[in-house]
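Structural characterization, general
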Amino acid sequence: TMSDPEEFWKQELKRHQSNPMNTNKIWKQTKEDVASIRSDKHPKELYTECLTNHPEWRMISASSKLTVDDLAMVLCKNVGCDLNY
């Protein structure tokens, strides 16, 4: 009958709307922000990019003015490692 699928979707909508992750403005905005900057690449591919021994990374890491935290920020800034793990 037609009412069974309709009932199912009504219940599904009610369940979806009762989840704070779907209704809370902060969570919704966070999910939208992550989706807008997240890469379509597989996380393993992104992780491999972060670990490459590229000359640019060697030059940056040789700087005595950068801390480990600075290097981590520079390394993952464009790759998005923090969003994918």
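Up top you'll find the structure we're talking about.
Worth saying up front: this structure is predicted, and the values here are computed from it rather than measured.

What counts and what doesn't
Going along each chain's sequence as written, the residues are numbered from 1 onward. Thresholds applied to this predicted model are a pLDDT of at least 70 for local features of residues and 80 or more for the giving and counting of side-chain atom pairs; totals over whole chains, interfaces and linings are not thresholded and use all residues. Side-chain numbers come from the whole structure's heavy atoms, not from hydrogens or water. Helix numbers and strand numbers start at the N terminus; a helix is a DSSP run of H or I with at least 4 residues, a strand a run of E with at least 2. Any residue under 20% of the maximum accessible area for its type is buried, any over 50% is exposed, and the rest in between are partly exposed; the area is computed with a 1.4 Å probe on protein chains only. We call two residues in contact whenever any of their non-hydrogen atoms come within 4.5 Å of each other. Every accessible area reported is derived by Shrake-Rupley at a probe size of 1.4 Å, with residue values counting cover from the shown protein chains alone. Every case where a carboxyl oxygen of Asp or Glu lies within 4 Å of a side-chain nitrogen of Lys or Arg is listed as a salt bridge. In protein, a polar contact requires one atom able to donate a hydrogen and another able to accept it; more generally it is a pair of N or O atoms within 3.5 Å, and residues adjacent in sequence count only if both atoms are side-chain atoms. What a helix should span is 1.5 Å times the count of its residues minus one.

What follows covers the overall build of the chain. Secondary structure assignment for the chain yields seven helices and zero strands. In the chain, the succession of α and β elements from N to C terminus is α-α-α-α-α-α-α. A total of 85 residues make up the chain; the buried ones form 11% of that total. Counted over contacts in the chain with a minimum sequence separation of 6, partners at least 24 positions apart contribute 48%. In the form shown here, the chain has an accessible surface area of approximately 7,400 Å², with 59% of it arising from carbon and sulfur atoms.

This paragraph deals with the pattern of salt bridges. When the charged atoms of two side chains with opposite charge come close together, those side chains can pair. For the coordinates displayed, the defined rule picks out one salt bridge. Note that glutamate 12 and arginine 15 form a salt bridge whose closest N and O atoms lie 2.4 Å from each other. Taken together, the residues glutamate 12 and arginine 15, both in helix 1 (residues 3–18) and three residues apart, mark about one turn of the helix. The class of glutamate 12 is partly exposed, set by a relative accessible area of 25%.

With that out of the way, let us pick up the side chain of asparagine 22. Mapped onto the fold, asparagine 22 is located in helix 2 (residues 20–23). A distance of 3.1 Å separates the side chain of asparagine 22 from the backbone oxygen of histidine 16, its partner in a polar contact. Not counting residues within four places of it along the chain, the set of residues in contact with asparagine 22 comprises His16, Lys28 and Lys31.

Look at helix 3 (residues 25–37): 19 Å from first C-alpha to last across 13 residues, which is about the 18 Å you get at 1.5 Å a residue. Its side-chain oxygen at 2.8 Å from the backbone nitrogen of isoleucine 26, asparagine 24 defines the N-terminal cap of helix 3.

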